[in-house]
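Reading the structure
Residues per chain, in single letters:
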Amino acid sequence: MESCYHCGDDCRDTTIVLQDKHFCCNGCKTVYEILNENDLTYYYDLEQSPGISPIRFEGKFDYLKDEQIASKLLEFNEQDTQIVNLLIPSIHCSSCIWVLEHLGKINNGIISSQVNFPEKTVRIQFNTQALSLFNVVQLLTRLGYEPYISLEDDDTKQKKTDRSLIYKLGVAGFAFGNIMFLSFPEYFEVDEFWLDRFKFVFRWLMFLFALPVVFYSGWDYFISAFKGLRSKLFNIDVPIALGISVLFVRSALEVILDIGTGFFDSLSGLVFFLLLGKFFQKKTYAYLSFERDYRSYFPLAVTQLAKDSNEEKQTQIKNLQPGDRILIRNEELIPVDAILISGNAFIDYSFVTGETQPVAKSSGSKVFAGGRQAGGSILLEVINAVEQSYLTQLWSNDVFNKKNTSAFQTLTDQISKRFTLVIISIAILALGFWLWYLPAEALNVFTAVLIVACPCAIALAAPFTLGNILRYFGKAKLYLKNAEIIERMSQLDTLVFDKTGTLTTSEKNNITYHGKALNPEEQNLLTNTLRSSNHPLSRALYQWLQSEEIYTLDDFKEDVGKGIHGSKNKQHIYAGSLNYINQSNHTQNQVENHNTTQVHVATSNDYKGFYSFCNDYRNALKSTFNNLKKYNLIVLSGDNDNEREALSKLLPKHTEYFFNQKPEDKLDFIKKLQSQGKKVLMLGDGLNDAGALAQSDVGIAISENINVFSPACDGILDANQFSLLPKFFSLSRKAIRIIKYAFIFSLLYNLIGLGFAITGHLKPVIAAILMPLSSISIVVFTTIYTYLVTKKLRV
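To keep things clear, this report deals only with the structure shown in the data block.

Regarding the overall build of the protein chain
- When helices and strands are counted, the protein chain shows 28 helices and 28 strands.
- Expressed as a percentage of contacts within the protein chain between residues at least 6 apart in sequence, the contacts between residues at least 24 apart total 66%.
- Counting only carbon and sulfur atoms, one obtains 54% of the accessible surface of the protein chain, whose full area is about 36,900 Å².

Section: the pairing of strand E23 (residues 607-617)
- Among the 11 residues of E23, nine are classified as buried, and the element is accordingly described as predominantly covered.
- As paired strands, strand E22 (residues 597-602) and E23 are joined by six bridges and run antiparallel to one another. Pairing of Gln-598 across the sheet is with Ser-612, part of E23.
- Where E22 folds back onto E23 in an antiparallel hairpin, the turn is made up of four residues.

Regarding the pattern of salt bridges
- Tallying each qualifying case throughout the model produces 11 salt bridges.
- Of the charged contacts in the structure, one is a salt bridge between Arg-203 and Asp-258, with a shortest N-O distance of 3.3 Å. Within this pair, whereas Arg-203 is found in helix H8 (residues 199-217), its partner Asp-258 is found in the loop between helix H10 (237-256) and helix H11 (264-287), the two being separated by 55 residues in sequence.
- For Asp-258, a relative accessible area of 51% corresponds to the exposed category.
- A salt bridge links Lys-568 to Asp-554, with the nearest nitrogen and oxygen atoms 3.9 Å apart. Here Lys-568 is found in strand E20 (residues 563-568), whereas its partner Asp-554 is found in the loop between helix H20 (536-545) and strand E19 (555-559), with 14 residues between them in sequence.
- Judged by its relative accessible area of 44%, Asp-554 is partly exposed.
- If you follow the salt bridges from partner to partner, you end up with Lys-516, Glu-522, Asp-606 and Lys-608 in one network.

Re the nonpolar core
- Ile-244, Phe-264, Leu-267, Leu-275 and Val-452 are the most contacted members of the largest nonpolar core, which totals 53 residues.
- Mapped onto this core, the elements with two or more residues apiece are helix H6 (164-188), H8, helix H9 (219-230), H10, H11, helix H15 (407-437), helix H16 (439-452) and helix H26 (725-758).
- Among the elements that take part in this core, H16 stands out by supplying nine residues, more than any other.
- The next biggest cluster of nonpolar side chains, apart from the first, holds 49 residues, and it includes Ala-483, Phe-497, Phe-659 and Ile-702.

A word on H16
- The end-to-end C-alpha distance of H16 is 21 Å, a good match for the 20 Å that 14 residues give at a rise of 1.5 Å each.
- Of all the 14 residues making up H16, 11 are buried; the element is thus mostly covered by neighbouring parts of the structure.
- All of the buried residues along H16 are Ala-442, Leu-443, Asn-444, Val-445, Phe-446, Thr-447, Ala-448, Val-449, Leu-450, Ile-451 and Val-452.

Cut-offs applied
Residues numbered from 1 in each chain as written. Predicted model: local features only at pLDDT ≥ 70, side-chain atom pairs only at ≥ 80, totals over all residues. Heavy atoms only, no water. Helix = DSSP H or I, 4+ residues; strand = E, 2+ residues; numbered from the N terminus. Contact = heavy atoms within 4.5 Å. Areas by Shrake-Rupley, 256 points an atom, 1.4 Å probe, with all protein chains shown as cover. Buried < 20%, exposed > 50% of the residue type's maximum accessible area, 1.4 Å probe, protein only. Pairing = 2+ DSSP bridges. Salt bridge = Lys/Arg side-chain N within 4 Å of Asp/Glu carboxyl O. Core = buried A, V, L, I, M, F, W, Y, C linked by side-chain atoms within 4.5 Å. Expected span 1.5 Å × (residues − 1).

Structure representation (structure tokens):
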């Protein structure tokens, strides 16, 4: 039987031959071609011959040429870009993943592709000017990756469960039990005529039982080791495969030469307990999985409207259902697929496609989740319930990730690379010593050394600790983009806070008006203009004014952090800072200082007056900041400095204040701090502070029942949990401490285990039991420890 030239697997009956080389699957063959710079753009040209692939379509996927049918499979369809998520049952190995994630090398109409190996799916983004969905499926099929397509609802699809591990475990366990039973006369050195006479039969039976153990149950270790060596990598399966090989060859020779029983009991026990450990690891990881849990605490709200009235309420996006109507303001994210009911929609899909040119939409048009409204408010009707995993997938896009390297990941990678080579070297040295000192024990020592040491526990320490902390943060309503942010939080030394909407709450504002009275038309226009803005002051003033006459503006414009402008029937209204008003209506106005936050209002050429806000600061603001005294504290606000005195009474003395800061000023300020070697957190408005949030080492947007989702931020904090900030920072530092403890625990375990193995006090079977226990013990240790340190967070 030929072995695959690329990955080493048996080709079996799926052999593909190219240039006298055998490949087990199209993935390995295509990787070989690409790495050898073969011109595949012609080879897999959709208008040419499908190459060596014997597949013909014969109309199988012709239904995908129907746009209505194809649209049911698409996740996104705008700006000459379509995205589809396809199930590929034939994904076979790492070569398959490589090919499917480099489809753009085969056809440049493919923009990007991403494989989810456990689910056997690939998410493909392609240009509709070059390809249709039919062409994409055609290309995949010719590559040997025919997708399984069903137009049924996803919930009704039955997912195939992989039971191969259970079968292999069963075979190993059955063989282990029988070999132990057949070995009893050898164990107890029973001197009995019939047992002695048929001893060779028992030995050959043990040999036969060992064959499926090695060549079925334990075969994955050999495959993994071979792939690693072929790639010049010493993975953890190399010493395991070596240990199994040595035991089997030695035992087989003893039986064949009739000089002994061999070590078939140790061999079968070794494989059985390795597989049993793998089974329990798999179950443990599934039970403690944080990847599934933490996504369910996504604190994103949207404004929902009653169908028969203009009554507005804030609703969590997870509660939206088809038919619900939602209001999307300027710069807000569209969280669901929906139909545009009213309003001037200009949708920016850069979040999904990277294209920054907004798309104009008319009433009745479909808009897709992930777009951002760039204009006035629009009314949408939901057509699909939200899938938060889709939004999180967009948020986790590499485009929005900060280029920080995890110190623990780097350390883990370095240890893993060298670990196996060191263990093999120690095993060989120990073998040499015992062959000289006591040859009978040499093989046991050699195998035990190879088996007992494992870097898996070291590799698991960081992801499980940070993952569990991430899950508890989610339950406490701090939603972080990924676990690495916790590591960055532990390194912070400077905390920068926006004032409006961050230190202050929009739920309780004492608002008064000073100036000329607005006529009903002007007040309605002001209210509808404020309705389109997501700035905390706009939201607060809109709630205070609340008009029954809601209409769509002819024009709306917002200068972030400065002011807004709206028009209807040639009437214009401006609202914002005094400087913005003076620049917008070309007049210079002076107003007395009321020592409050102010929103000024003007029409086309007439200054009207201003609304003053007596801000209400968040509960426990003083005690929260007192618990943050160890950090450099900075308030960075776009407002005037009228509330400096009030803030100085609440915040620690060493707090610094900077007022009248434009969004670009905040960005430059963060850069300046970082140039001084500071590790900076920015806590602010997800929209108005987007630049500063993106620049900071950790950027957290605070959410107060509004849609503040921004790809620029690393996390979203529910405003009601503001007082927990000190605990979040404390827990991030404790998480790093837990990882260090786990590293020390794992290293000590390996050193102690190696000590017992080298000195001949550890049997291979016991080593096989201890090896997976080390990984499980680290998982249990980090889980229990994180549970204990997060106890205060859950109270």
